[in-house]
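Remarks on the overall topology
Okay, here's what each chain looks like letter by letter:
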Amino acid sequence: MAKGIGDRTFLHDIILDIINDASLERPMQKKEIIQRLKQRDIELSRTTLDKKLSDLENKGYKMINVGRKGFYLEKTDDSLSDGELRFLIDVVMYSRLIPEDDTADMIEKLANLGSGYFEKEMKKRAYSAERIEKDTFWGTIENVTIIQKALFAHKQISCNCITAIDFDMVYRFKDDIIVNPYELAFSGGKYYLLCSYENDEELVVLRLDKLDHLKILKSKCVENLALEKVKNEKGVQNYLYNQPELKGGQQMDFDLLCYKNSIDEVYDIFGKQNTRTKPIKPKNYDDPESTMITVRTTREAMKSWAIIHADSIVVVNPEDFREEIVEAFDNAEYIYRKTGKPSRIRSFIARSLDDSIREAKISGMMKVRYMGHQKNRELEVIDIGKYDIDSLEHLTLSHCRICCSDENIIFSQLHSISFMSCIFDTSIFKHFPALNKITIGRSTIINLEFLKQYKAMKELTIIDCANVTDLSPILKLDSLNRFETNCECLDVINSEKLRKKFPTCKISVFENSSRGDNRDMATRPAFFIENGKVTSRNVSFEWFSGLSDSQKQRSIASLHKMIADIDNTSAPLEISTKGTAPLGVKLSAFNLRLGRQAFENVFQSSKIFDKGGPFHDLLDMDPKKAKRDRRIRESGEIIGFNYAGVDFPVDPKTLFYDYIYIKAVKQTLTVAEIKKITEYTHFTDIEFNPQRSINTQAKSVAIIKLMLEKFGELPELSIDEFIEFHKENVLV
């Protein structure tokens, strides 16, 4: 006989423990009980078992007989069924509030309340719970305990809110704040506290896992007017239930247009008691497959929910809230479109000057080009004193109203500035004492007196500034290398004065474009032969924004028209795949080959950097991928080139590009096609921007034209002979 078998209470407890494993779904026969007792070294006859079961029934335990299948013990109303316990265990298991160790401990405690079979299986889950990695704040359970005590005692609490956890806590408030706690709520796997800040009439919802420094105060909790209003409507619990994401705030009505079957989603989240159908729709909301309903919740909760379900549900009213949703989508689209693009592109398309400067710094650029954003047809105001532009060397602002509230601020690092389609007072230039390059276009300046402070000015561009009638301040500059304008006051006399004062200055005069401020301008160089040398001229023209070929071709046509206006004998040719002339397309570098490789691959694979290269594996890549290879960007400055085992210098800067380009043209095009180049006078490349790169196929084609004029063909020059030819005949 096993130890304790003579103890009647001990035997009853063992039998109860075995019967607890039985249930309606899994009843137990008496022979199974006898077998389980035997496994515990207890020998019991069927007659004795019947007597023990009778004793248990006399004590109040009720056995439910299910025929031949056996019986099970009826659970009392105050105990939890295995199903109820399983629900609680799963809540604990997958809660983001409870750390791993606490999760396993709580599951074991709950498992102990179930049947023996249930307890055994659930303890396996307790073991697996320890291996779940949870990103939880260790103090959440403690916070629940503290706040629960404060709620029961109707006391205020003090706390602070965590905004970031790194090596140190980062808090939202400088000092701990006092809070009136009203109700704890659990939603979306998180615990929240409905409360109000001390002496504040708004309802606030705080996440418990973001609270720290929690203390119960002696002062009484104060209910504000917002809470009283909630209580008078449908109560605190209903207020919390109506928010798909607990955000707090005041409740209000929202009109929603629900497409197809999406109305069920509204009912699921907000409940039918908080929604009502509107039989009459507003004007223009007449889609027969839609339903108009009104939902009552808070503004903050509706915003986050409406954004998630925007593909099937549209907010109609309130109108200002609808606009808020639209703005949120605009911001989201902007973030998605800029993400993944090069930082220089992100800088250009930025929605604020701060963002543009930030992106420029990421890319290591010292220049920023920013276009202002109009609201209600008003130019964006740029107060330069509020931006970190002193680290920049070049700043371009367009479509802005420029001012400076800080009269004493100086930007000494900025050397180049461009204001296009801007409104400003010329006194703004006193904040930029180190400028040596100024571009002003389509702006309402009256005079150029501000130039007196820039004795060392090198480049000046004044385009479409009709109010400028006096160019004499330019004559007071000490030196000037380049001057571009279309001002009508630049007559023959003034032009001669400028040439006499600055004999080496390159002066470009354009026709007045007579455009409104709503058009974009761009400048591209046109390469041509003048006095037996390859030279260039910057030409300003109307730019048609867009990435499609048709928009590029409109810009090319505009550029070529401006060239024709400057020189009516010109015959320009676009050298790129965006052009319309077949010869220009064939001359595009992307269509040329050297040996068996594409031209672009040869050029990129020949570069030698101060930190590596040449990278000859680029020869076998797709040309566009070779051009974008990260090593090209991250290997430092170019210190030379190596092609076919021969080293090339970096000076003249475009020498190597021009050399292999001409070799590729000789290999790819026929002699007849090459000779057709002489039929054109000017060569352009719409994709070439001299501010971003130095090599251009348009310049290389101009060199080919010069060779054809000098030699009647493309001669076979040695590398040294080509270097000498380049130095003597290419001025740009």
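Refer to the preceding data block for the structure.
Summary of the structure given here. (Residues numbered from 1 in each chain as written. Predicted model: local features only at pLDDT ≥ 70, side-chain atom pairs only at ≥ 80, totals over all residues. Heavy atoms only, no water.)

A separate point is the overall build of the protein chain. Helices and strands together make up the secondary structure of the protein chain, namely 24 helices and 30 strands. Once the C-alpha set of the protein chain is aligned to its principal axes, its extents read approximately 125 × 65 × 55 Å. Taken across its 732 residues, the protein chain has 45% of its residues classed as buried. For the protein chain, the share of sequence-separated contacts (at least 6 apart) that also reach a separation of at least 24 residues comes to 53%. For the protein chain, the accessible area works out to roughly 39600 Å², and carbon and sulfur atoms hold 49% of it. Treating the 107 positive side-chain charges of the protein chain as one cloud and the 112 negative ones as another, the clouds have centres 2 Å apart. (Helix = DSSP H or I, 4+ residues; strand = E, 2+ residues; numbered from the N terminus. Buried < 20%, exposed > 50% of the residue type's maximum accessible area, 1.4 Å probe, protein only. Contact = heavy atoms within 4.5 Å. Areas by Shrake-Rupley, 256 points an atom, 1.4 Å probe, with all protein chains shown as cover. Lys, Arg positive; Asp, Glu negative; His and termini not counted. Charge placed at Lys NZ, Arg CZ, Asp CG, Glu CD.)

Let us now look at the packing of aromatic side chains. As enumerated under the stated definition, the model contains 21 aromatic pairs in all. On the numbers, 5.1 Å between centres and 90 degrees between planes, the contact of Phe603 with Tyr657 is edge-to-face. With Phe603 in helix 18 (residues 599–605) and Tyr657 in helix 21 (residues 655–668), this pair connects stretches of sequence that are 54 residues apart. In this structure Tyr657 comes out as buried when scored by relative accessible area, which is 7%. Linked through ring pairs, Phe599, Phe603, Phe641, Tyr643, Phe648, Phe656, Tyr657, Tyr659, Tyr661 and Phe722 together constitute an aromatic cluster. (Phe/Tyr/Trp six-rings, centres within 6.5 Å; stacked < 30°, edge-to-face > 60°.)

The next subject is the packing of helix 11 (residues 299–308) against helix 12 (residues 319–338). To describe two helices that pack against each other, one gives the angle between their axes and the distance between the axes. Between helix 11 and helix 12, whose axes approach to 11 Å, the crossing angle comes to 45 degrees. On the basis of their axis angle, the class for helix 11 and helix 12 is oblique. Every pair of crossing elements has a handedness; the one defined by helix 11 and helix 12 is right-handed. Residues Arg299, Met302, Lys303, Ala306 and Ile307 of helix 11 touch helix 12, and the partners they reach there are Asp320, Phe321, Glu324, Ile325, Ala328 and Phe329. (Axes fitted to C-alpha atoms, helices over the stretch in contact; angles between N-to-C directions. Parallel < 35°, antiparallel > 145°, perpendicular 65-115°, else oblique. Left-handed = near helix turned anticlockwise from the far one by under 90°.)

Turning our attention to the nonpolar core. Within the largest apolar cluster, 50 residues are counted, with the highest numbers of intra-cluster contacts made by Leu397, Phe429, Phe432, Ile438, Ile474 and Phe483. Broken down by element, the residue count for this core peaks at three residues, all from helix 14 (residues 353–363). If sequence neighbours within four positions are ignored, Phe483 has contacts with Leu460, Ile462, Ile474, Leu490, Leu498, Cys505, Lys506, Ile507 and Ser508. Core analysis: the next-biggest nonpolar cluster, separate from the first, contains 42 residues, Leu587, Leu592, Phe683 and Ala698 among them. (Core = buried A, V, L, I, M, F, W, Y, C linked by side-chain atoms within 4.5 Å.)

This paragraph deals with the sheet that holds strand 15 (residues 394–398). Hydrogen bonds between backbone atoms are what pair the strands of a sheet, whose relative direction is either parallel or antiparallel. Strand order in the open sheet made by the seven strands is 13-15-17-18-19-20-21, with parallel pairing throughout. The outermost strands of the open sheet, each flanked by one partner alone, are strand 13 (367–371) and strand 21 (506–509). Strand-to-strand twist across the sheet, computed as the mean angle between neighbouring axes with direction ignored, equals 5 degrees. Contacting strand 13 and strand 15, helix 14 crosses the sheet at an angle of about 150 degrees to strand 13. (Pairing = 2+ DSSP bridges.)

To continue, consider the pattern of salt bridges. By the definition in use, this model includes 31 salt bridges. A salt bridge links Lys109 to Asp105; its shortest N-O distance comes to 3.4 Å. Taken as a pair, Lys109 and Asp105 lie in helix 5 (residues 100–111) at a separation of four residues, close to a single helical turn. Residue Lys109 is classed as exposed on the basis of its relative accessible area of 53%. In this structure, Glu359 engages Arg346 in a salt bridge whose closest nitrogen and oxygen atoms are separated by 2.8 Å. Note that Glu359 is positioned in helix 14 and Arg346 in helix 13 (residues 343–348), a separation of 13 residues in sequence. The exposure class assigned to Arg346 is buried, which follows from its relative accessible area of 16%. (Salt bridge = Lys/Arg side-chain N within 4 Å of Asp/Glu carboxyl O.)

Mapped onto the secondary structure, Thr145 falls in helix 7 (residues 140–153). Residues Thr145 and Leu708 lie 563 residues apart in sequence; the distance between their C-alpha atoms is 90 Å.

To continue, consider the state of the cysteines. With the rule as written, the count across this model stands at zero disulfides. Cys422 takes part in no disulfide bond, and the closest cysteine sulfur to it belongs to Cys400, at a distance of 4.9 Å. (Disulfide = S-S within 2.5 Å.)

Turning next to the sheet that holds strand 10 (residues 275–277). One open sheet holds the four strands; their spatial order is 10-11-9-12, and the pairing between them is antiparallel. Of all the strands in the sheet, the pair left with one neighbour each is strand 10 and strand 12 (313–317). Strand after strand, the sheet turns through a mean of 30 degrees between neighbouring axes, direction not considered. The sheet contact formed by strand 9 (residues 251–259) and strand 11 (residues 290–298) spans nine bridges and is antiparallel. By the bridge assignment, Tyr259 is partnered in strand 11 with Ser290.

The omega angle of the peptide bond from Asn317 to Pro318 is 0 degrees, so this bond is cis rather than trans. The omega torsion across Asp651 and Pro652 is 0 degrees, close enough to zero to call that bond cis. Tracing the sequence through the fold places Pro652 in the loop between strand 29 (646–648) and helix 21. At Ser421, a residue that is not glycine, the phi angle is positive and equals roughly 55 degrees. Assignment of secondary structure puts Ser421 in the loop between strand 17 (416–420) and strand 18 (437–441). Classification of Ser421 by relative accessible area gives buried; the value is 7%. Notably, Asn531 is not glycine yet its phi reads approximately 55 degrees, a positive angle. Relative to the helices and strands, Asn531 resides in the loop between strand 22 (520–530) and strand 23 (533–543).

With that out of the way, let us pick up the packing of helix 21 against helix 24 (residues 719–729). Running from N to C, helix 21 and helix 24 cross one another at 120 degrees; their axes reach a closest spacing of 11 Å. With respect to helix 24, the axis of helix 21 lies oblique. As helix 21 runs across helix 24, the sense of the crossing is right-handed. When helix 21 is examined against helix 24, the residues Leu655, Asp658, Tyr659 and Ile662 are found in contact with a partner set consisting of Ile719, Phe722, Ile723 and His726. Among the residues making up the contact of helix 21 with helix 24, the classes are represented as six nonpolar, one polar and one charged. (Nonpolar A, V, L, I, M, F, W, Y, C, P; charged D, E, K, R; others polar.)

With that out of the way, let us pick up a negative patch on the surface. Where like charges cluster on the molecular surface, the negative patch consists of Glu201, Glu202, Glu228 and Glu300. The residue Glu202 is located in the loop between strand 6 (190–197) and strand 7 (204–207) in this model. (Patch = residues over 30% accessible without salt bridge, like charges linked within 9 Å, V, L, I, M, F, W, Y side chains within 5 Å.)

Bringing the side chain of Lys552 into the picture now. Summarising the element assignment, Lys552 is placed in helix 16 (residues 549–566). According to the relative accessible area criterion, Lys552 is buried, its value standing at 10%. Dropping the residues within four chain positions of it, Lys552 is found in contact with Trp543, Gly546, Lys578, Ile686 and Glu687.

Those residues of helix 8 (residues 225–233) that fall on the buried side of the exposure criterion are Ala226, Leu227 and Val230. The buried side chains of helix 8 occupy one side of the element, clustering within an arc of 100 degrees when seen end-on. Residues of helix 8 that are exposed and point over 90 degrees away from its buried face: Leu225 and Asn232. Phi turns positive, to about 100 degrees, at Gly235, one or two residues after helix 8. (Arc of directions from axis to C-beta.)

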